[in-house]
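In case you want the letters, here they are:
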2 protein chains.
Amino acid sequence: MSEPTSRSSEPLDQLKTHLAEAADLQSAAAVLSWDQETFMPEGGAAARSRQLSTLQRLAHEAFTRDAVGALLDDLASPAEDGAPTDGTAALVRVTRRDYERARKVPSALVARLAQASSEAKQAWKAARADDDFDAFAPHLERLITLSREKAEALGYEDTPYDALLEEYEPGTRTADVAPLFETLREELVPLVEAIAEAEQVDDACLHGDFAPDAQQQAGEEVIRAFGYDFQRGRQDRSAHPFTTAFSTGDVRLTTRFDPQFFGTGFFATLHEAGHGLYEQGVADDLERTPLAEGASLGLHESQSRLWENLVGRSRAFWRWYLPRLRERFPQQLGSVTEDAFYRAANKVEPSLIRVEADEVTYNLHVMLRFEIERALIEGRLAVEDLPGRWNAAMDDALGVVPESDANGVLQDVHWAMGAFGYFPTYTLGTLMSVPLFRQAEADLGGLDEQIAQGEFGPLLSWLRTHIHRHGRKLQAADLLARVTGEPLSAQPWVDYVRKKFGAIYGL
Amino acid sequence: MSEPTSRSSEPLDQLKTHLAEAADLQSAAAVLSWDQETFMPEGGAAARSRQLSTLQRLAHEAFTRDAVGALLDDLASPAEDGAPTDGTAALVRVTRRDYERARKVPSALVARLAQASSEAKQAWKAARADDDFDAFAPHLERLITLSREKAEALGYEDTPYDALLEEYEPGTRTADVAPLFETLREELVPLVEAIAEAEQVDDACLHGDFAPDAQQQAGEEVIRAFGYDFQRGRQDRSAHPFTTAFSTGDVRLTTRFDPQFFGTGFFATLHEAGHGLYEQGVADDLERTPLAEGASLGLHESQSRLWENLVGRSRAFWRWYLPRLRERFPQQLGSVTEDAFYRAANKVEPSLIRVEADEVTYNLHVMLRFEIERALIEGRLAVEDLPGRWNAAMDDALGVVPESDANGVLQDVHWAMGAFGYFPTYTLGTLMSVPLFRQAEADLGGLDEQIAQGEFGPLLSWLRTHIHRHGRKLQAADLLARVTGEPLSAQPWVDYVRKKFGAIYGL
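Cut-off values and rules
- Within each chain, residue numbers correspond to sequence positions counted from 1 in written order.
- Following the order in which they are written, the chains are lettered starting with A and the ligands numbered starting with 1.
- In keeping with the model being predicted, local features are shown solely for residues with a pLDDT of at least 70 and side-chain atom pairs are shown and tallied solely at 80 or more, while totals for entire chains, interfaces and linings include all residues.
- Under the DSSP-based scheme used, a helix requires at least four consecutive residues in state H or I and a strand at least two consecutive residues in state E, with every element numbered from the N terminus.
- In this setup the radius of gyration rests on C-alpha atoms only. A globule is expected at 2.2 Å times the number of residues raised to 0.38.
- The exposure scheme places C-beta atoms from the backbone and then counts, for each residue, the other C-beta atoms within 10 Å of its own, assigning buried at 20 or more, exposed at 12 or fewer, and partly exposed in between.
- Nonpolar cores are built from buried Ala, Val, Leu, Ile, Met, Phe, Trp, Tyr and Cys residues. These are joined into a set through C-beta atoms within 7 Å.
- Once C-beta atoms are placed from the backbone, any two residues with those atoms within 7 Å are in contact.
- The pLDDT value tells you how sure the predictor is about a given residue, anywhere from 0 up to 100.
- Each copy is superposed on the other by least squares, with the fit set by C-alpha atoms of residues at a pLDDT of at least 70 in both.
- Each pair of strands is called paired provided DSSP finds at least two bridges between the two strands.
- Only the stretch in contact is used when a helix axis is fitted, and all axes are lines through C-alpha atoms; the angle between N-to-C directions ranges over 0 to 180 degrees.
- Small angles under 35 degrees read as roughly parallel and large ones over 145 as roughly antiparallel, with 65 to 115 read as roughly perpendicular and the rest as oblique.
- Note: crossing handedness is left-handed where the near helix turns anticlockwise from the far helix by less than a right angle, and right-handed where it turns clockwise.
- Residues were grouped as follows: Ala, Val, Leu, Ile, Met, Phe, Trp, Tyr, Cys and Pro as nonpolar; Asp, Glu, Lys and Arg as charged; and all remaining residues, including Gly, as polar.
- An expected span of 1.5 Å times one less than the residue number is assigned to each helix.
- Start and end points for every domain follow an automatic or database-based domain assignment.

Comments concerning the overall build of chain A
Point 1. The number of helices and strands found in chain A is 21 helices and three strands.
Point 2. For 507 residues, the compact-globule estimate of 2.2 N^0.38 gives 23 Å, and chain A sits close to it at 23 Å.
Point 3. On the principal axes, the C-alpha backbone points of chain A span a range of 70 × 50 × 50 Å.
Point 4. In chain A, buried positions account for 45% of the 507 residues.

Focus on the nonpolar core
Point 1. Ranked by internal contacts, the top residues of the largest apolar core, which has 98 residues, are Val 360, Met 367, Leu 431 and Leu 479 of chain A.
Point 2. Residue contributions to this core peak at nine residues, all from helix H15 (residues 359-377) of chain A.
Point 3. Beyond its immediate chain neighbours, meaning those up to four positions away, Leu 431 of chain A contacts Leu 180, Leu 488, Ala 490 and Trp 493 of chain A.
Point 4. With 97 residues, the next largest nonpolar core counts Leu 165, Tyr 321, Ala 393 and Leu 410 of chain B among its residues.

Let's talk about the confidence of the model for chain A
Point 1. Looking at chain A as a whole, its pLDDT mean stands at 95, while 96% of the residues score no less than 70.
Point 2. Taken as a whole, residues 1-8 of chain A scores under 50 in pLDDT and shows 16 contacts with residues more than four places along the chain or in a different chain.

Some details on the relation of the copies chain A and chain B
Point 1. Superposing chain A onto chain B takes a rotation of 180 degrees combined with a translation of 0.0 Å along the rotation axis, leaving an RMSD of 0.0 Å. These values place the two chain copies in the arrangement generated by a two-fold rotation axis.
Point 2. In this assembly, 100% of the residues forming the interface of chain A have copies in chain B that are likewise at the interface, indicating an isologous arrangement.

Examining the sheet that holds strand E3 (residues 250-255) of chain B
All names here are of chain B.
Point 1. Across the sheet, three strands lie side by side as E1-E3-E2; this open sheet has mixed pairing. Where the open sheet ends on each side, the last strands, each with one partner, are strand E1 (233-237) and strand E2 (243-247). Sheet twist, expressed as the mean angle between neighbouring strand axes with direction ignored, is 20 degrees.
Point 2. One ladder, built from five bridges, connects E1 with E3; its direction is parallel. Bridging across to E3, Arg 237 finds its partner in Thr 255.
Point 3. Contacting E1, E2 and E3, helix H10 (residues 262-281) crosses the sheet at an angle of about 165 degrees to E3.

Structural notes on unusual backbone geometry
Residues and elements named next belong to chain B.
Point 1. The phi torsion at Asp 131 lies on the positive side, around 50 degrees, for a residue other than glycine.
Point 2. Here Asp 131 shows up in the loop between helix H5 (107-130) and helix H6 (133-154).
Point 3. Positioned with a positive phi, Arg 288 is a non-glycine residue whose angle comes to about 65 degrees.
Point 4. Tracing the backbone shows Arg 288 in the loop between H10 and helix H11 (297-311).

Some thoughts on the packing of helix H17 (residues 424-444) of chain B against helix H19 (residues 457-466) of chain B
All names here are of chain B.
Point 1. Relative to each other, H17 and H19 sit at 110 degrees, their axes nearing to 10 Å. Comparing their axes, H19 and H17 come out roughly perpendicular. Our pair here, H17 against H19, has a crossing hand that is right-handed. Residues Ala 440, Asp 443 and Leu 444 of H17 lie in contact with H19, whose contacting residues are Pro 458, Leu 459 and Trp 462.
Point 2. Looking at the contact of H17 with H19, its residues break down into five nonpolar, no polar and one charged.

With respect to the sheet that holds strand E3 (residues 250-255) of chain A
Residues and elements named next belong to chain A.
Point 1. Taken in spatial order, the three strands of this open sheet run E1-E3-E2, and their pairing is mixed. Two strands in the sheet have a free side with no partner beyond their single neighbour: strand E1 (233-237) and strand E2 (243-247). For this sheet, the mean inter-axis angle between neighbouring strands, taken without regard to orientation, is 20 degrees.
Point 2. Direction of pairing for E2 relative to E3: antiparallel, over a ladder of four bridges. The residue bridging Ser 247 from the neighbouring strand is Asp 250, located in E3.

A word on the interface of chain A and chain B
Point 1. Counting residues at the interface gives 36 residues for chain A and 36 residues for chain B.
Point 2. Looking at the side of chain A that touches chain B, the elements with two or more residues in it are helix H1 (11-38), helix H2 (45-63), E1 and E2 of chain A.
Point 3. A per-class count over the side of chain A that touches chain B returns 14 nonpolar, 10 polar and 12 charged.

Section: helix H5 (residues 107-130) of chain A
All names here are of chain A.
Point 1. Across its 24 residues, H5 extends 34 Å between first and last C-alpha, which sits within 8% of the 34 Å expected from 1.5 Å per residue.
Point 2. Within H5, the full set of buried residues consists of Leu 113, Ser 117, Ala 120, Trp 124, Ala 127 and Arg 128.
Point 3. Packing partners of the buried residues in H5 comprise helix H6 (133-154).
Point 4. Taken from the residues just after H5, Asp 131 is the one with a positive phi, measuring 50 degrees.

Description of the environment of Ala 283 of chain A
Point 1. Note on placement: Ala 283 of chain A falls in the loop between helix H10 (262-281) and helix H11 (297-311).
Point 2. Counting along the chain gives 161 residues from Ala 283 of chain A to Leu 444 of chain A, while the straight-line C-alpha distance between them is 22 Å.

What about the domain arrangement of chain A?
Residues and elements named next belong to chain A.
Point 1. When its domains are assigned, chain A resolves into domain 1 (1-104) and domain 2 (174-505).
Point 2. The C-alpha-based centres of domain 1 and domain 2 are spaced at 30 Å.
Point 3. Listed as interface residues are 19 residues of domain 1 and, on the opposing side, 15 residues of domain 2.
Point 4. Looking at the side of domain 1 that touches domain 2, the elements that each hand over two or more residues are H1 and helix H4 (87-104).
Point 5. Of the residues that constitute the side of domain 1 that touches domain 2, the class distribution is 10 nonpolar, five polar and four charged.

What to know about the packing of H17 of chain B against helix H20 (residues 476-484) of chain B
Residues and elements named next belong to chain B.
Point 1. At their nearest, the axes of H17 and H20 sit 10 Å apart, and the two run at 30 degrees to each other. Between H17 and H20, the angle is such that the two are roughly parallel. For the element pair H17 and H20, the recorded crossing hand is left-handed. Within the contact between the two elements, H17 uses Met 432, Pro 435, Leu 436 and Gln 439 and H20 uses Leu 480, Val 483 and Thr 484.
Point 2. For the contact of H17 with H20, the residue count by class is five nonpolar, two polar and no charged.

Here we look at the environment of Gly 276 of chain B
Residue and element names in this part refer to chain B.
Point 1. Here Gly 276 shows up in helix H10.
Point 2. Residue class for Gly 276 comes out buried when judged on the 29 C-beta atoms lying within 10 Å of it.
Point 3. In this structure, the C-alpha to C-alpha distance between Gly 276 and Asp 236, residues 40 residues apart in sequence, is 13 Å.
Point 4. Leaving out residues up to four positions away in the same chain, Gly 276 has contacts with Tyr 228, Gly 233, Thr 243, Val 251 and Leu 253.

What about H15 of chain A?
Point 1. For H15 of chain A, spanning 19 residues, the distance from its first C-alpha to its last is 28 Å, which sits close to the expected 27 Å at 1.5 Å a residue.
Point 2. Gly 379 of chain A, located one to two residues past H15 of chain A, shows a positive phi value of around 75 degrees.

Here's the deal with the environment of Asp 131 of chain A
Point 1. Overall, Asp 131 of chain A belongs to the partly exposed group, with 14 C-beta atoms counted inside 10 Å.
Point 2. Setting aside chain neighbours within four positions, we find Asp 131 of chain A in contact with Ser 404, Asp 405 and Ala 406 of chain A.

Take a look at the structure:
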């Protein structure tokens, strides 16, 4: 009685009926989570947590039904012959992968992980507020233990970290990621040192009184020009910016504003709009299936970084937008030149907090998290040694050491959520953004001139065609190689930052 | 695999596990509906409708499982011996009633009704916009046919209308309601005529420039004083005001403002807050069960009408609040006297639109809807004759005739939703509000003086104790009789309007 009835005798239709039920439950959970972060009064927290838990359990149950497996078996043979972007073949392939993964983890372990991460998240908030790592340590221990159990249940060839990374970046292995970070370390550590010795950039023009409502209007003017469709989305405020999709017709952004610093809210808006454009661009006919979202967190991040950095922090962009922004903030920006603003928006400075880091130092923050979490999962680092390792790694990579664990090892929520394997996707996406942008330039020509005119249609259209519309039909690495003709490497991005920041800092 | 697992061997715990799943799904649907009416971009409509349909189907399936019936059987005997407000006895009693009702309607009929009302709602919007009753008529025909089928499936003694009324006012029958409307007709028609011949009230002070944000602040100041808890709720804007609860800790109001008329938004805010106070006052230990909401739509309306009219349109209220409101609108209200404002807020005038009607004429609007929908369901009135009947009834009851169906028979959404039997609850609630308020006065004493001081704590506390906390443990009529010592009659309310409006109009 609890399974949806389908009158069709076609296995594909039957499969889609099950998938639609799971997708609707997941979308409902996404609405409830969005509301929790934006508008929910605090009195709603306890019930909301129970409601989310019920929806997630039911979505999992709908997706992992025996009937889904049987239908996938029925559909497997003909489908596997199709082209990799053929609809049915891709649906069966991706659904099977998700299904097998979901069935491998015992539901008791799923429940224990959910419970442990819920408790850990509360403990983390308190520990960060009190700068008390020891209060968080036992929760972290438990999450590491459970995550290792999960990795064992999922299976892996080289390292348990692979099994966890697969969750966020399907098809990518630790052995693919580690060499990228090695290159980044070799290239970036000396670059950061060279920048530190050069004449420093003055970003005073970004600091001052910037009314949040006026900031929001500026951000929305820009992302509307990018092509973000406010008929199919909206922007609200939350403590931490995020993007969430309830369907391709309803993709929502959130952001936050610092009334004394223009950079925080503006670039966060562009960043989230990059995610939003991806979700708005997924083909409608993938709706209510596992294909109807971005291919991976890494590829998602390539879109947000592309719009935030390659477009939004480019000189061409500010040629277009600074005159408009001056009209919104005449007192603050009336006398600021394009060159001064461009340099301010690209100031490099080693700092303690990842989410505030500039383009150059950002990947070093990610690198040390990748190395540390990998060591934790592989049992090469004990939780009690974590703060010391963190501080030493910060000193090695960036030459700065946090004065407190609150601004150090406790700054990110990811580990408190049991999200081991998530961090590297930030760097993978950043690295992907450059070859994608270069390929768009090669195909389209004149991107800089278009951006300087506020013409973003050709770029968006190119991304729609080559990336967005495919959803999860192809794995990120395959899609990237298909589009750019090359596998992912760190070099294009390294060349980009060397050139851009070499010019800014006169290296 | 789809049913929640319970390790407890206690039937009550097992029952609660099933009910909690159904309640969580219903709460999730309520969040999605709230979002749809407040913030959802238009592009989200199609997917949202599918998501709501899935959640409602799953909630229905969870609630009507065979296992629920078996557990109710297990629990029935000892429970039936308990006191009527005993927790377990009431839970079993109310759940069994809902369960049997839900199982009687075939799911194919539920689906056809949902589909037909979804289509009818769209058609009604267009028909109202185009003033084209004929375009809506076939949809209404279909909904009447399906509603009769539903009534047959549910069963009834006297009239199929009873089976439908039961949905909104459990335990109340057409034979209980009809005499109340007879009394109202006899009393109100001459009263309205007498008022029409008296010196008219000038409500010019309520018209003018009233900025919506300032209106909202005023409304929130008042409902906060009433005791509405913004830590457990919030107020947003929507096309039509409503109240919805996701838990007792998250009860949300919506309202709308007319920038040129103070009355619309202010009294709607007080009205919705009355609903909200009821939901915020339901005992926490009823959460996630069928008991965790108001006892009936009528009793709910008694709370909204009590705060809107008996408090909010009283002279004592304006003694307290007008000086505060003058500070918010010094230009508009600086020179308006308490007497003038009180009279303006109570202006009586026969009009075409129910939701804009004053206290005296309101019940006549409801009366004609009750009589018409009962005749439609009983087969005594054909859809083609509906506009003529409507206009004649308006002329009889109120002495005004709509110049268009848009302002006449097409004005309300209820019939387009298939909600036959809903309208009388508006009047039932209005009638209940007076004996409840009188009993509160008898128990507490000095209510008028408290209201004139802005002291609403004793009144709210009395309502909490006698009404709110019980949720659905008792049926509305029983609860009312228990609290006031008398069954519901129209006389107390008639006496109240005769006295109040006799004084205002010098009758």
